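What follows is each chain in one-letter form.
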Amino acid sequence: MKIVGILGSPSVTSRSGSLLHLAQLQLQSVATSLHTISIRELPAEALLHAQFDHPLIRQALGEVADAQVVLVATPIYKAAYSGLLKAFLDLLPQDGLRDKTVLPLATGGSIAHLLALDYALKPVLSALGARDILDPVFATDPQIPKHDVQGYQPSADVQERVRRSLQTLIERSEEFQRQEDAARERDALLQRARSGEERAFESTPSPWPTGNVRWSV
């Protein structure tokens, strides 16, 4: 299962980051690849000016394109997901999340921000083609208290809600593996076909003379 996490927090350590890390840990046993895109680490100018040819932007978009599962984590500010996440999602193609399973993860100061998932984030994910959206997980600040050593530590209740949300995904791991194997086989067949066409082209005699040619005008 190819998994990518998109972290929209502007902070080095954050509650939304700890929520994303928790989900990644629970999926580690079924993941064939696991990447994290921390948007705050992308070059700001390239991100804001949509410089698709920038190597780091191109790499991040490629990781999303290759993923089967996308975890989207963000803090909620004033009933909206973060501006960083907005800037990155705007770079995705119109159907950039089609045929992918998406899990929204969000944190906020109080339960009043919960509706931002249904009215702000999920519509954007759907507009990007996501149809398989798992039950989102929202946690308030008190539910992810600060830890002296580990930064932020989700409470047992939050851990259980993440586990329940991911349970059906974990149960479908064999299905994802079959999809990945089929895609790998398809790519190999296409590569062999292209190689065969190139060899055939190279072995085809040229219709034009290759020796010394005298031209008259």
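Criteria and thresholds
- Residues numbered from 1 in each chain as written.
- Predicted model: local features only at pLDDT ≥ 70, side-chain atom pairs only at ≥ 80, totals over all residues.
- Heavy atoms only, no water.
- Helix = DSSP H or I, 4+ residues; strand = E, 2+ residues; numbered from the N terminus.
- Buried < 20%, exposed > 50% of the residue type's maximum accessible area, 1.4 Å probe, protein only.
- Polar contact = N/O pair within 3.5 Å; in protein donor to acceptor, adjacent residues only side chain to side chain.
- Lys, Arg positive; Asp, Glu negative; His and termini not counted.
- Salt bridge = Lys/Arg side-chain N within 4 Å of Asp/Glu carboxyl O.
- Core = buried A, V, L, I, M, F, W, Y, C linked by side-chain atoms within 4.5 Å.
- Contact = heavy atoms within 4.5 Å.
- Pairing = 2+ DSSP bridges.
- Right-handed = clockwise from strand over helix to strand, strands pointing away.

**Comments concerning the side chain of S82**
Step number 1: Among the secondary structure elements, S82 is positioned in the loop between β4 (80-81) and α4 (83-89).
Step number 2: Since its relative accessible area comes to 2%, S82 is described here as buried.
Step number 3: Reaching out from S82, the side chain makes a polar contact with the backbone nitrogen of L85 at a distance of 3.1 Å.

**Section: the side chain of K100**
Step number 1: Along the chain, the position of K100 falls in the loop between α4 and β5 (101-108).
Step number 2: Buried and without a salt bridge, K100 has D66 as its closest oppositely charged side chain, separated by 7.0 Å.
Step number 3: A polar atom in the side chain of K100 sits 2.9 Å from the backbone oxygen of A65.

**Here's the deal with the nonpolar core**
Step number 1: Among the nonpolar cores identified, the biggest contains 33 residues, and F88 and L97 are the most heavily contacted of them.
Step number 2: Counting only elements with at least two residues in this core, the list comes to β1 (2-7), α2 (44-48), α3 (55-66), β3 (69-77), α4, β5 and α5 (115-127).
Step number 3: Tallying contributions element by element places α5 first for this core, with five residues.
Step number 4: For L97, the residues in contact, after removing those within four places along its chain, are V64, V70, L92, V102, L125, L128, G129 and A130.
Step number 5: Judged by nonpolar contacts, the second largest core, of 24 residues, contains M1, L7, A139 and L166.

**Let's talk about the pairing of β1**
Step number 1: With five of six residues buried, β1 is to be regarded as a mostly interior element.
Step number 2: The sheet contact formed by β1 and strand β2 (residues 33-38) spans six bridges and is parallel. Along β2, the bridge assignment pairs L7 with S38.
Step number 3: Note that the unit made of β1, helix α1 (residues 15-27) and β2 has a crossover that is right-handed.
Step number 4: In terms of strand pairing, β1 meets β3 through five bridges, oriented parallel. Across the sheet, the residue bridging to G5 is L71, located in β3.

**A short note on unusual backbone geometry**
Step number 1: Although it is not a glycine, A50 sits at a positive phi angle of roughly 50°.
Step number 2: Among the structural elements, A50 can be located in the loop between α2 and α3.
Step number 3: Despite not being glycine, A79 shows a phi value in the positive range, around 65°.
Step number 4: Overall, the relative accessible area of 47% leaves A79 in the partly exposed class.

**Comments concerning the pattern of salt bridges**
Step number 1: All chains considered together, the criterion is met by eight salt bridges.
Step number 2: We note a salt bridge from E175 to R172, for which the minimum N-O separation is 3.6 Å.
Step number 3: Members of the salt-bridge network, linked through shared partners, are D132, R172 and E175.

Scope: geometric values only; no functional claims are made or implied.
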